[in-house]
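Chain and residue survey
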Amino acid sequence: GAGVSQSPRYKVAKRGQDVALRCDPISGHVSLFWYQQALGQGPEFLTYFQNEAQLDKSGLPSDRFFAERPEGSVSTLKIQRTQQEDSAVYLCASKLTAPGDSPLHFGNGTRLTVT
Amino acid sequence: GQQVMQIPQYQHVQEGEDFTTYCNSSTTLSNIQWYKQRPGGHPVFLIQLVKSGEVKKQKRLTFQFGEAKKNSSLHITATQTTDVGTYFCAVYSSASKIIFGSGTRLSIRP
(Lines give C-alpha, C1' and ligand atoms only; values in the text may rest on other atoms or scores of the structure.)
Protein backbone atom coordinates (compact mmCIF):
# COMPACT_ATOMS: atom_id res chain seq x y z
CA GLY A 1 0.00 0.00 0.00
CA ALA A 2 0.96 3.67 -0.13
CA GLY A 3 3.46 4.85 2.41
CA VAL A 4 3.93 8.25 4.00
CA SER A 5 4.23 10.94 1.38
CA GLN A 6 5.98 14.26 1.89
CA SER A 7 6.18 17.26 -0.41
CA PRO A 8 8.08 19.03 -1.66
CA ARG A 9 11.08 16.72 -1.71
CA TYR A 10 13.44 19.71 -1.81
CA LYS A 11 12.86 23.33 -0.91
CA VAL A 12 15.22 26.25 -1.22
CA ALA A 13 14.15 29.40 0.58
CA LYS A 14 15.75 32.75 1.00
CA ARG A 15 16.27 33.85 4.55
CA GLY A 16 13.12 35.50 5.81
CA GLN A 17 10.72 33.61 3.55
CA ASP A 18 7.90 31.44 4.85
CA VAL A 19 7.69 27.77 3.88
CA ALA A 20 5.04 25.08 4.19
CA LEU A 21 5.89 21.38 4.24
CA ARG A 22 3.22 18.78 3.67
CA CYS A 23 2.83 15.27 5.02
CA ASP A 24 0.30 12.66 3.85
CA PRO A 25 0.37 9.86 6.42
CA ILE A 26 -0.67 6.27 5.83
CA SER A 27 -4.46 6.11 5.71
CA GLY A 28 -5.97 5.28 9.09
CA HIS A 29 -2.86 6.06 11.09
CA VAL A 30 -3.81 7.82 14.29
CA SER A 31 -0.42 9.22 15.27
CA LEU A 32 1.71 11.67 13.32
CA PHE A 33 5.13 12.97 14.26
CA TRP A 34 7.38 15.65 12.79
CA TYR A 35 11.16 15.44 13.19
CA GLN A 36 14.05 17.65 12.17
CA GLN A 37 17.25 15.91 11.09
CA ALA A 38 20.44 17.89 10.65
CA LEU A 39 23.27 16.38 8.62
CA GLY A 40 24.94 13.55 10.49
CA GLN A 41 22.52 13.73 13.40
CA GLY A 42 19.59 11.69 14.63
CA PRO A 43 16.00 12.82 14.09
CA GLU A 44 15.02 15.49 16.65
CA PHE A 45 11.41 15.46 17.82
CA LEU A 46 9.37 18.52 16.89
CA THR A 47 5.72 17.75 17.50
CA TYR A 48 3.10 15.00 17.82
CA PHE A 49 -0.53 14.71 16.72
CA GLN A 50 -3.07 12.16 17.79
CA ASN A 51 -5.73 12.48 15.12
CA GLU A 52 -6.31 16.24 14.86
CA ALA A 53 -5.12 17.05 18.36
CA GLN A 54 -1.60 18.38 18.78
CA LEU A 55 -0.66 16.69 22.05
CA ASP A 56 2.98 17.66 22.21
CA LYS A 57 4.78 20.57 20.60
CA SER A 58 7.64 20.75 23.03
CA GLY A 59 10.25 20.20 20.33
CA LEU A 60 9.34 23.16 18.13
CA PRO A 61 12.47 25.37 18.24
CA SER A 62 10.69 28.72 18.24
CA ASP A 63 7.36 30.38 17.67
CA ARG A 64 8.29 30.61 13.99
CA PHE A 65 7.41 26.93 13.72
CA PHE A 66 3.77 25.93 13.51
CA ALA A 67 2.14 22.60 12.69
CA GLU A 68 -1.43 21.57 12.07
CA ARG A 69 -3.46 18.50 11.19
CA PRO A 70 -6.97 19.92 10.95
CA GLU A 71 -8.85 16.81 9.81
CA GLY A 72 -6.69 14.22 11.44
CA SER A 73 -5.04 13.17 8.20
CA VAL A 74 -2.76 15.49 6.18
CA SER A 75 -0.41 17.63 8.24
CA THR A 76 1.46 20.82 7.40
CA LEU A 77 4.57 22.14 9.09
CA LYS A 78 4.99 25.86 8.54
CA ILE A 79 8.15 27.80 9.21
CA GLN A 80 7.89 31.57 9.18
CA ARG A 81 10.77 33.95 8.49
CA THR A 82 13.19 31.12 7.79
CA GLN A 83 16.73 31.34 9.15
CA GLN A 84 19.87 29.53 8.03
CA GLU A 85 19.79 27.33 11.12
CA ASP A 86 16.45 25.95 9.89
CA SER A 87 18.28 24.15 7.07
CA ALA A 88 17.72 20.44 7.65
CA VAL A 89 15.69 17.47 6.50
CA TYR A 90 12.16 17.52 7.93
CA LEU A 91 10.80 14.03 8.42
CA CYS A 92 7.19 13.08 8.97
CA ALA A 93 6.27 9.73 10.48
CA SER A 94 2.91 8.12 11.09
CA LYS A 95 1.92 5.31 13.42
CA LEU A 96 -1.15 3.13 13.41
CA THR A 97 -2.00 3.56 17.06
CA ALA A 98 -1.64 6.10 19.80
CA PRO A 99 1.20 5.21 22.21
CA GLY A 100 1.59 1.50 21.81
CA ASP A 101 3.61 -1.09 20.05
CA SER A 102 3.22 -0.07 16.43
CA PRO A 103 6.30 1.21 14.59
CA LEU A 104 6.91 4.60 13.04
CA HIS A 105 6.61 4.76 9.24
CA PHE A 106 8.66 7.61 7.82
CA GLY A 107 8.27 9.60 4.64
CA ASN A 108 11.24 10.46 2.45
CA GLY A 109 11.51 13.87 4.06
CA THR A 110 11.75 17.43 2.78
CA ARG A 111 15.26 18.82 2.51
CA LEU A 112 15.06 22.52 3.34
CA THR A 113 17.96 24.77 2.42
CA VAL A 114 17.83 28.38 3.58
CA THR A 115 20.19 30.68 1.70
CA GLY B 1 14.07 15.28 29.96
CA GLN B 2 14.62 11.74 28.81
CA GLN B 3 17.83 11.20 26.89
CA VAL B 4 19.27 8.15 25.28
CA MET B 5 22.98 7.82 24.57
CA GLN B 6 24.17 5.75 21.65
CA ILE B 7 27.73 4.56 21.06
CA PRO B 8 29.90 4.42 19.09
CA GLN B 9 29.20 7.35 16.78
CA TYR B 10 30.98 5.68 13.85
CA GLN B 11 32.27 2.25 13.09
CA HIS B 12 34.27 1.26 10.03
CA VAL B 13 34.72 -2.48 9.59
CA GLN B 14 36.07 -4.93 7.07
CA GLU B 15 33.34 -6.86 5.29
CA GLY B 16 32.75 -10.06 7.22
CA GLU B 17 33.60 -8.54 10.61
CA ASP B 18 31.01 -8.12 13.31
CA PHE B 19 29.44 -4.84 14.40
CA THR B 20 27.72 -3.76 17.61
CA THR B 21 25.96 -0.56 18.63
CA TYR B 22 24.77 0.23 22.14
CA CYS B 23 21.99 2.38 23.48
CA ASN B 24 21.89 3.51 27.11
CA SER B 25 19.27 5.31 29.18
CA SER B 26 19.46 6.71 32.71
CA THR B 27 15.86 5.70 33.33
CA THR B 28 13.91 2.47 32.90
CA LEU B 29 12.36 2.15 29.48
CA SER B 30 8.95 0.76 28.60
CA ASN B 31 10.28 -0.48 25.30
CA ILE B 32 12.93 0.31 22.72
CA GLN B 33 12.81 0.35 18.95
CA TRP B 34 15.64 0.09 16.42
CA TYR B 35 15.70 1.76 13.01
CA LYS B 36 18.10 1.72 10.06
CA GLN B 37 18.67 4.68 7.78
CA ARG B 38 20.50 4.09 4.52
CA PRO B 39 22.54 6.99 3.08
CA GLY B 40 20.09 9.45 1.52
CA GLY B 41 17.11 7.51 2.86
CA HIS B 42 14.71 7.67 5.74
CA PRO B 43 14.66 5.62 8.96
CA VAL B 44 13.11 2.18 8.54
CA PHE B 45 11.81 0.18 11.48
CA LEU B 46 13.76 -2.97 12.34
CA ILE B 47 12.37 -4.27 15.62
CA GLN B 48 10.85 -3.47 18.99
CA LEU B 49 11.91 -4.94 22.34
CA VAL B 50 9.58 -4.87 25.32
CA LYS B 51 10.54 -7.47 27.91
CA SER B 52 13.43 -7.39 30.36
CA GLY B 53 16.34 -9.47 29.03
CA GLU B 54 14.61 -10.00 25.68
CA VAL B 55 16.71 -11.26 22.76
CA LYS B 56 15.42 -11.22 19.20
CA LYS B 57 17.13 -12.30 16.00
CA GLN B 58 16.62 -11.32 12.39
CA LYS B 59 18.99 -13.34 10.23
CA ARG B 60 22.45 -11.89 11.05
CA LEU B 61 21.06 -9.21 13.39
CA THR B 62 20.68 -9.85 17.13
CA PHE B 63 18.87 -7.38 19.36
CA GLN B 64 19.06 -7.42 23.16
CA PHE B 65 17.21 -5.54 25.88
CA GLY B 66 18.99 -5.30 29.22
CA GLU B 67 17.67 -6.92 32.37
CA ALA B 68 17.07 -3.51 33.94
CA LYS B 69 15.49 -2.22 30.70
CA LYS B 70 17.95 0.66 30.63
CA ASN B 71 20.14 -0.45 27.77
CA SER B 72 19.97 -2.29 24.49
CA SER B 73 22.31 -3.50 21.81
CA LEU B 74 22.20 -4.40 18.14
CA HIS B 75 24.81 -6.87 16.92
CA ILE B 76 25.42 -7.74 13.29
CA THR B 77 27.36 -10.92 12.55
CA ALA B 78 29.57 -11.08 9.46
CA THR B 79 28.70 -7.69 8.01
CA GLN B 80 27.86 -7.29 4.34
CA THR B 81 27.93 -4.18 2.18
CA THR B 82 24.14 -4.07 2.35
CA ASP B 83 24.43 -3.36 6.10
CA VAL B 84 25.87 0.10 5.42
CA GLY B 85 23.85 2.88 7.03
CA THR B 86 23.11 4.52 10.34
CA TYR B 87 21.42 2.56 13.11
CA PHE B 88 19.23 4.41 15.60
CA CYS B 89 17.53 3.38 18.78
CA ALA B 90 14.28 5.12 19.69
CA VAL B 91 12.41 5.31 22.98
CA TYR B 92 9.30 6.88 24.43
CA SER B 93 10.29 10.00 26.35
CA SER B 94 6.65 10.46 27.33
CA ALA B 95 3.31 9.10 26.14
CA SER B 96 3.41 11.47 23.19
CA LYS B 97 7.09 11.78 22.38
CA ILE B 98 9.44 9.28 20.73
CA ILE B 99 13.07 10.35 20.82
CA PHE B 100 16.00 8.96 18.87
CA GLY B 101 19.57 8.27 19.82
CA SER B 102 22.31 10.04 17.89
CA GLY B 103 22.92 6.94 15.81
CA THR B 104 25.88 4.74 14.90
CA ARG B 105 27.08 5.08 11.35
CA LEU B 106 28.39 1.83 9.90
CA SER B 107 30.71 1.85 6.92
CA ILE B 108 32.25 -1.26 5.40
CA ARG B 109 35.50 -1.94 3.51
CA PRO B 110 34.77 -4.50 0.79
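Cut-offs applied
- Residues numbered from 1 in each chain as written.
- Chains lettered and ligands numbered in written order.
- Predicted model: local features only at pLDDT ≥ 70, side-chain atom pairs only at ≥ 80, totals over all residues.
- Heavy atoms only, no water.
- Pairing = 2+ DSSP bridges.
- Helix = DSSP H or I, 4+ residues; strand = E, 2+ residues; numbered from the N terminus.
- Axes fitted to C-alpha atoms, helices over the stretch in contact; angles between N-to-C directions.
- Polar contact = N/O pair within 3.5 Å; in protein donor to acceptor, adjacent residues only side chain to side chain.
- Contact = heavy atoms within 4.5 Å.
- Buried < 20%, exposed > 50% of the residue type's maximum accessible area, 1.4 Å probe, protein only.
- Core = buried A, V, L, I, M, F, W, Y, C linked by side-chain atoms within 4.5 Å.
- Buried area = accessible area lost by both parts, 1.4 Å probe.
- Salt bridge = Lys/Arg side-chain N within 4 Å of Asp/Glu carboxyl O.
- Nonpolar A, V, L, I, M, F, W, Y, C, P; charged D, E, K, R; others polar.

Remarks on the sheet that holds strand E3 (residues 19-25) of chain B
Residues and elements named next belong to chain B. Strand order in the open sheet formed by five strands is E1-E3-E8-E7-E6, with antiparallel pairing between adjacent strands. Pairing within the sheet leaves two strands with one partner each, and these edge strands are strand E1 (4-7) and strand E6 (55-58). Within the sheet, the average angular offset between the axes of one strand and its neighbour, ignoring direction, is 15°. By the bridge criterion, six bridges tie E3 to strand E8 (residues 71-76) in an arrangement that is antiparallel. Within the sheet, the bridge partner assigned to Tyr 22 lies in E8 and is Ser 73.

Brief notes about the side chain of Ser 31 of chain A
Residue and element names in this part refer to chain A. Along the chain, the position of Ser 31 falls in strand E4 (residues 31-37). In this structure the side chain of Ser 31 is engaged in a polar contact, spanning 2.9 Å, whose partner is the side chain of Tyr 48. Dropping the residues within four chain positions of it, Ser 31 is found in contact with Tyr 48, Phe 49, Arg 69, Ala 93, Ser 94, Lys 95, Thr 97 and Ala 98.

Notes on the pairing of strand E11 (residues 110-114) of chain A
Residues and elements named next belong to chain A. Of the two faces of E11, only the one carrying Thr 110, Leu 112 and Val 114 is buried; Arg 111 and Thr 113 on the other face are not. Judged from the three bridges that link them, strand E9 (residues 88-95) and E11 form a sheet pairing that is antiparallel. Looking at the pairing, Tyr 90 lines up with Thr 110 of E11.

Brief notes about the nonpolar core
In this structure, Ile 32, Trp 34 and Phe 63 of chain B are the most contacted members of the largest nonpolar core, which totals 21 residues. By size, the runner-up hydrophobic cluster in this structure holds 20 residues, among which are Val 4, Leu 46, Phe 65 and Cys 92 of chain A.

Some points on the interface of chain B and chain A
A common measure of how large an interface is: the accessible area buried when the components associate. Between chain B and chain A, the residue contacts involve 19 residues of the former and 23 residues of the latter. Together, the buried faces of chain B and chain A total about 1,600 Å²; carbon and sulfur atoms form 54% of this surface. The largest per-residue losses of area from chain B upon contact with chain A belong to His 42, Ser 96 and Ile 98 of chain B, which jointly make up 30% of the total buried on that side. Our enumeration of links across chain B and chain A arrives at zero salt bridges. Elements with a minimum of two residues in the side of chain B that touches chain A: strand E4 (32-37), strand E5 (44-49), strand E9 (85-94) and strand E10 (97-100) of chain B. When grouped by side-chain class, the residues that make up the side of chain B that touches chain A number eight nonpolar, 10 polar and one charged.

A look at the environment of Tyr 87 of chain B
All names here are of chain B. As for its placement among the helices and strands, Tyr 87 is situated in strand E9. What makes Tyr 87 buried here is its relative accessible area of 1%. C-alpha of Tyr 87 to C-alpha of Thr 20: the two residues are 67 residues apart in sequence and 10.0 Å apart in space. If near-sequence neighbours (up to four positions away) are discounted, Tyr 87 is found in contact with Gln 6, Phe 19, Thr 21, Tyr 35, Lys 36, Leu 46, Leu 74, Ile 76, Gly 103, Thr 104 and Leu 106.

Considering the environment of Lys 78 of chain A
All names here are of chain A. You can see Lys 78 is positioned in strand E8 (residues 75-79). Separated by 11 residues in sequence, Lys 78 and Ala 67 have C-alpha atoms that sit 6.0 Å apart. Beyond its immediate stretch of four places on either side in the chain, Lys 78 contacts Val 19, Ala 20, Arg 64, Phe 65, Phe 66 and Glu 68.

So yeah, pure geometry; function would need other evidence.
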